[in-house]
Amino acid sequence: MRMEKEELTNQIKVQRAILNITQEDLAGEIGVTRKTINTIENGKYIPSTILAIKLARFFKVPVEELFTLK
Amino acid sequence: MEKNDIEYFDRARFNMKLCYAIGWGLWMGLYILNNLFTDVNDNIKLGMAALFFVFSMIYCVLMIKIIRINKKIQADPDLKAALDNEYYSWLENKAMIVGFYVFGGVSGVMMVVSVIIPVSTYLACLIISYLGVLSTLTASVIFHRK
């Protein structure tokens, strides 16, 4: 069976633009560093469930809407 | 805890780590070189000893600064949680893995070298721990820089 490579995409940048907040603002609200938000946003780091839920709660959207598996 | 505090301490911690890696590299590097080349000119040895002393002083000062920064971070649980977040831990783990492989690799090389030429146990242990720590620190700095 051939496994297809799965990719996790996110809408953090879009949601940030809607709320008009910077990565630093978001990091402060969530309680992480700006670098952490930056790497998640660019897909370099996959956050834990806890952090994903925190982000979804902050943006008031379901987790599946914020993070999508393609 | 201000959001600027997180970035300030994050930067401060990175800079300290960078200086710490350089300090360790030069301090212990010179010490090992001094032990490796015992039959060099006395003036060179004196110069290396002086440099070794200077770097060990720099290293001690940085060590005190790192302890002070860590104390400030420990005093604020929110700041600590923000700085030591999961991404930071993930990068630290990656750096530790690099250090582990370098440690193992250098140990293997030293074993082979000791079969060919006699190497003192003290020097071999120094080189293994020097490269193990240096690679971990360097990997950590590189990962956090990105």
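Relevant structure appears above.
Just so it is clear, the structure is predicted and the values come from calculations on it, not from any experiment.

## Concerning the overall build of chain B
No. 1: Secondary structure summary: chain B contains 5 helices and 0 strands in total.
No. 2: Each helix and strand of chain B, placed in order from N terminus to C terminus, yields the pattern α-α-α-α-α.
No. 3: Taken over the C-alpha trace, chain B has a radius of gyration of 18 Å; the compact-globule value for 146 residues is 15 Å, which it surpasses by more than 25%.
No. 4: Once the C-alpha set of chain B is aligned to its principal axes, its extents read approximately 55 × 35 × 25 Å.
No. 5: Carbon and sulfur atoms make up 70% of the accessible area of chain B, which totals about 8,900 Å².

## Here's the deal with empty space enclosed by the protein
No. 1: Throughout the structure, instances matching the rule amount to 2 cavities of 30 Å³ or more.
No. 2: Considered as a void within the structure, the largest cavity measures approximately 70 Å³ in volume.
No. 3: Around the largest cavity, the lining residues are T33, K35 and T36 of chain A together with D10, L83, N85, Y87, Y88, L91 and H144 of chain B.
No. 4: Elements that contribute at least two residues to the lining of the largest cavity include exactly α3 (34-41) of chain A together with α4 (86-116) of chain B.
No. 5: Each residue belonging to the lining of the largest cavity can be placed in one class, and the counts come to 4 nonpolar, 4 polar and 2 charged.
No. 6: What lines the second largest cavity is K35 of chain A together with D10, R13, F14, K17, Y88 and H144 of chain B.

## Overview of the pattern of salt bridges
All names here are of chain B.
No. 1: Taken as a whole, this structure holds 5 salt bridges over all chains when the rule is applied.
No. 2: One salt bridge connects R13 with D84, and the closest N-O pair in it is separated by 2.7 Å. Within this pair, whereas R13 is found in helix α1 (residues 3-36), its partner D84 is found in the loop between α3 (77-83) and α4, the two being separated by 71 residues in sequence.
No. 3: Under the relative-accessibility criterion, R13 is labelled buried at 12%.
No. 4: K17 is the partner of E92 in a salt bridge, and the nearest nitrogen-oxygen pair spans 3.0 Å. Of this pair, E92 sits in helix α4 while K17 sits in helix α1; the two residues are 75 residues apart in sequence, bridging distant segments of the chain.

## What about α3 of chain A?
No. 1: By the criterion of burial, α3 of chain A is predominantly enclosed, with 6 of the 8 residues buried.
No. 2: Positive phi appears at G43 of chain A, one or two residues downstream of α3 of chain A, with a value of about 75°.

## Description of the interface of chain A and chain B
No. 1: The partner chain B presents 14 residues to the 15 residues of chain A that form the contact.
No. 2: Roughly 1,300 Å² is buried in total at the junction of chain A and chain B, and carbon and sulfur atoms are behind 53% of that figure.
No. 3: Area buried by chain A at its contact with chain B is led by T33, K35 and Y45 of chain A, which between them contribute 42% of it.
No. 4: The tally of links from chain A across to chain B stands at 1 salt bridge.
No. 5: Between D10 of chain B and K35 of chain A there is a salt bridge whose closest N-O contact spans 3.6 Å.
No. 6: Applying the counting criterion to the chain A and chain B interface returns 6 residue pairs in polar contact (both at pLDDT 80 or more).
No. 7: For the side of chain A that touches chain B, the elements supplying multiple residues, two or more each, are α2 (23-30) and α3 of chain A.

Quick notes on the rules
Each chain carries its own residue numbering, running from 1 in the written order of its sequence. Labels are handed out in written order, letters beginning with A for the chains and numbers beginning with 1 for the ligands. Where totals are concerned, whole chains, interfaces and linings use all residues; where local detail is concerned, this predicted model gives features only for residues with pLDDT of at least 70, and gives and counts side-chain atom pairs only at 80 or more. Excluded from the side-chain calculation are hydrogens and water; included are all heavy atoms of the structure. Starting at the N terminus, helices and strands are each numbered in turn, a helix being any DSSP run of H or I of at least four residues and a strand any DSSP run of E of at least two. With the radius of gyration taken over C-alpha atoms, the globule rule is written as 2.2 Å times the number of residues to the power 0.38. Methods summary: accessible areas were calculated by the Shrake-Rupley approach with a probe of 1.4 Å, and residue burial reflects only the protein chains presented. Each cavity reported here is a set of points on a 1 Å grid over the protein atoms alone in which a 1.4 Å probe fits but cannot get out, each pocket an open set with protein on both sides within 12 Å along at least five of seven lines, and each lining residue one with an atom within 4 Å of a point. Grid points are joined across faces, edges and corners, and a volume is the space filled by probe spheres set on the points. Side-chain classes are defined by residue name, with Ala, Val, Leu, Ile, Met, Phe, Trp, Tyr, Cys and Pro counting as nonpolar, Asp, Glu, Lys and Arg as charged, and the others, Gly among them, as polar. A carboxyl oxygen of Asp or Glu within 4 Å of a side-chain nitrogen of Lys or Arg is what we treat as a salt bridge. Exposure classes here rest on a 1.4 Å probe applied to the protein chains alone. A residue is buried below 20% of its type maximum, exposed above 50%, and partly exposed in between. Note on contacts: a residue pair is in contact if any heavy atoms of the two residues lie within 4.5 Å. The buried area of a pairing is the accessible area, by a 1.4 Å probe, that goes missing from both parts when the two are put together, added over both. Here a polar contact is taken to be a pair of N or O atoms separated by no more than 3.5 Å, where protein atoms must pair a possible hydrogen donor with a possible acceptor and residues adjacent in sequence count only if both atoms sit in side chains.

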